[in-house]
Amino acid sequence: MGVGITQKITAMIDEILAFNKAFVANKGYEKYITNKYPDKKIAILSCMDTRLTELLPAALGLRNGDVKMIKNAGGVISHPFGSVIRSLLVAIYELGVKEVMVIAHSDCGACHMNHEEMIERMKARGVKQETIDMIRFCGVDFASWLDGFEDTEKSVRGTVQAILSHPLIPHDIMVSGFIIHSVTGELTRVSCEPVVQDASAE
Ligand SMILES: [Zn+2]
């Protein structure tokens, strides 16, 4: 944030830019061409974990254009009128989505996350205690904003319920919860109260 620091593009981004030039020149995009409407009418809320970047779509048989993918740390809704619900509203009302899958994963980095520890790391990187105090004074609850979840299943259930009971989500939207294994990609259904019992579920 300092004055006089020029924007510096790292070697990693240079590499990405070089790849991108070649990708476009070689028409690497042709097999990805689709439109903005999801073919499967499904939105997926999941975690930003890098292990899932390719694994999740591959394990679910999803291709470009199939689903709306919403990702953040933990695959959670941290605010009822925040960006996740906003994205779901756009997906439902503008893009024809009819079902939502909440997909958490094993060994999630957001699990056991602790706001006090993160605040200590912020302070070690130059954020002042008075800044933390001021933000707290303005009504930000660091615990509810930054703490992770202890129980992944419980977190998925809570997220499913938060979507189902949201006043702006229409009643005909189906919402279901899952946990994907971060190595094998195996999907396990999380039973959530109003979900119809599936006899074949494991
Ligand atoms: Zn995660």
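That block above? That's the structure.
All values reported here derive from a predicted model rather than from experimental measurement. (Residues numbered from 1 in each chain as written. Predicted model: local features only at pLDDT ≥ 70, side-chain atom pairs only at ≥ 80, totals over all residues.)

1. Considerations on the pairing of strand β2 (residues 67–72)
Then, number 1: Where strand β1 (residues 42–47) and β2 come together, six bridges link them in parallel fashion. In the strand pairing of β2, I44 is matched with M69.
Then, number 2: Once you follow β1 into helix α2 (residues 52–60) and on to β2, the crossover reads as right-handed. (Pairing = 2+ DSSP bridges. Helix = DSSP H or I, 4+ residues; strand = E, 2+ residues; numbered from the N terminus. Right-handed = clockwise from strand over helix to strand, strands pointing away.)

2. As for the nonpolar core
Then, number 1: Among the nonpolar cores identified, the biggest contains 29 residues, and A43, I44, L45, L88, V100, V102 and A104 are the most heavily contacted of them.
Then, number 2: Of all the secondary-structure elements, those providing two or more residues to this core are β1, α2, β2, α3 (83–93), β3 (99–105), α7 (152–164) and β4 (174–180).
Then, number 3: For A104, the residues in contact, after removing those within four places along its chain, are C47, G75, T152, S155, V156 and I179. (Core = buried A, V, L, I, M, F, W, Y, C linked by C-beta atoms within 7 Å. Buried ≥ 20, exposed ≤ 12 C-beta atoms within 10 Å, placed from the backbone. Contact = placed C-beta atoms within 7 Å.)

3. Let's talk about the sheet that holds β1
Then, number 1: The five strands are arranged β2-β1-β3-β4-β5 in an open sheet whose pairing can be described as mixed. At either end of the open sheet lies a strand with only one pairing partner, and these are β2 and β5 (187–190). Averaged over all pairs of adjacent strands, the angle between strand axes in this sheet comes to 25 degrees, irrespective of strand direction.
Then, number 2: The sheet contact formed by β4 and β5 spans four bridges and is antiparallel. Bridge assignment links I179 to a residue of β5, and that residue is T188.
Then, number 3: Packing against the sheet, α7 makes contact with β1, β3, β4 and β5, and its axis sits at approximately 160 degrees to β4. (Axes fitted to C-alpha atoms, helices over the stretch in contact; angles between N-to-C directions.)

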